[in-house]
Amino acid sequence: MKKIALFPGSFDPFTKGHEDIVLRSLKIVDELVIAIGYNSQKNVRYFQVENMKEKIAKTFAAYPSIRVVIYNELTATLAKKYKASVIVRGLRNTTDFEYENSISQVNRDLNADLETLFLITSPQYAAISSSIVREVHRYGGDVSNYLPFEL
Ligand code: ADP
């Protein structure tokens, strides 16, 4: 049986840190669904969601085992839909840990078959966060070093 994993996130924007987690998780699972969480009712994104989906899909065009979707429901429900038994998340620091610890417990309450797999960030990407990239971009700074694609 194929091991299918979900990599959920806001990806606003998708960064080189995310790319690293994707590529490393492919050594462990057979298929990966990159799932961009988006609620059209409260559109608070900085980067347009369809555009981000396209950029991510292009980045991994050479990988048939990766697909990119947009979702607006519980991650645990989405996992069932894609027959995913694993959620992949990245951990940079203790702040990430505190947050991820709670989400992971709740996700397993909602879907008992779902395990969360945490990959520790590669040190060269540890300082990259989507919020910092947004901030730099907002004030006209060059963010190309932080992203796996051209904006
Ligand atoms: P969310 O809003 O769900 O936290 P993000 O798009 O910010 O979504 O992040 C998605 C996942 O990627 C999270 O598990 C986050 O900890 C992880 N992540 C974000 N930046 C990095 C990075 N630089 N290195 C490793 N993991 C990261």
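You'll find the structure just up there.
Note that the coordinates shown come from a computational prediction; the quantities given were computed from them, not determined experimentally. (Residues numbered from 1 in each chain as written. Predicted model: local features only at pLDDT ≥ 70, side-chain atom pairs only at ≥ 80, totals over all residues. Heavy atoms only, no water.)

**Here's the deal with the overall build of the protein chain**
Secondary structure assignment for the protein chain yields 5 helices and 5 strands. What you see in the protein chain, going N to C, is helices and strands ordered as β-α-β-α-β-α-β-α-β-α. Its C-alpha radius of gyration of 15 Å places the protein chain within 12% of the 15 Å reference for a compact globule of 151 residues. Taking all 151 residues of the protein chain together, the buried fraction comes to 42%. Taking all contacts inside the protein chain whose residues are at least 6 apart in sequence as the whole, residues at least 24 apart take part in 77%. When the accessible surface of the protein chain is summed, it comes to about 8800 Å², and 50% of that surface belongs to carbon and sulfur atoms. (Helix = DSSP H or I, 4+ residues; strand = E, 2+ residues; numbered from the N terminus. Rg over C-alpha atoms; globule rule 2.2 N^0.38 Å. Buried < 20%, exposed > 50% of the residue type's maximum accessible area, 1.4 Å probe, protein only. Contact = heavy atoms within 4.5 Å. Areas by Shrake-Rupley, 256 points an atom, 1.4 Å probe, with all protein chains shown as cover.)

**Remarks on the layout of surface pockets**
Its boundaries defined by the atoms lining it, the largest pocket holds a volume of some 1000 Å³. Pro-8, Gly-9, Ser-10, Arg-89 and Tyr-99 are the residues nearest the centre of the largest pocket, which is lined by 43 residues in total. Breaking the lining of the largest pocket down by element, the ones donating at least two residues are β1 (4–9), α1 (16–25), β4 (86–91), α4 (94–110), β5 (115–120) and α5 (130–138). With 8 residues, the single largest contributor to the lining of the largest pocket is α4. Residue composition of the lining of the largest pocket, by class: 18 nonpolar, 17 polar and 8 charged. (1 Å grid on protein atoms, 1.4 Å probe; cavity = no way out; pocket = protein on both sides within 12 Å on 5 of 7 lines; lining within 4 Å. Points joined across faces, edges and corners; volume = space filled by probe spheres on them. Nonpolar A, V, L, I, M, F, W, Y, C, P; charged D, E, K, R; others polar.)

**Examining the side chain of His-18**
Mapped onto the secondary structure, His-18 falls in helix α1. Setting aside anything within four residues of it in sequence, one finds His-18 in contact with Phe-7, Phe-11, Pro-13 and Ser-130.

**Examining unusual backbone geometry**
Cis geometry is found at the peptide bond from Asp-12 to Pro-13, where omega equals 5 degrees. Secondary-structure assignment places Pro-13 in the loop between β1 and α1. For Phe-11, which is not glycine, the phi torsion reads 50 degrees and is therefore positive. Checked against the element boundaries, Phe-11 lands in the loop between β1 and α1. Taking the relative accessible area as the measure of exposure, Phe-11 reaches 2% and is therefore buried. Even without being glycine, Lys-83 reaches a positive phi, approximately 55 degrees. Checked against the element boundaries, Lys-83 lands in the loop between α3 (75–81) and β4. Lys-83 gets classed as exposed once you look at its relative accessible area, which sits at 67%.

**Side note on the nonpolar core**
Ranked by size, the top nonpolar core spans 27 residues in total, and within it Phe-14, Val-22, Leu-32, Ile-34 and Ile-56 carry the most contacts. Of all the elements in the fold, those that place two or more residues in this core are β1, α1, β2 (31–37), α2 (49–59), β3 (66–71) and β4. In this structure, Ile-4, Leu-78, Ala-79 and Tyr-82 belong to the second largest nonpolar core, which totals 13 residues. (Core = buried A, V, L, I, M, F, W, Y, C linked by side-chain atoms within 4.5 Å.)

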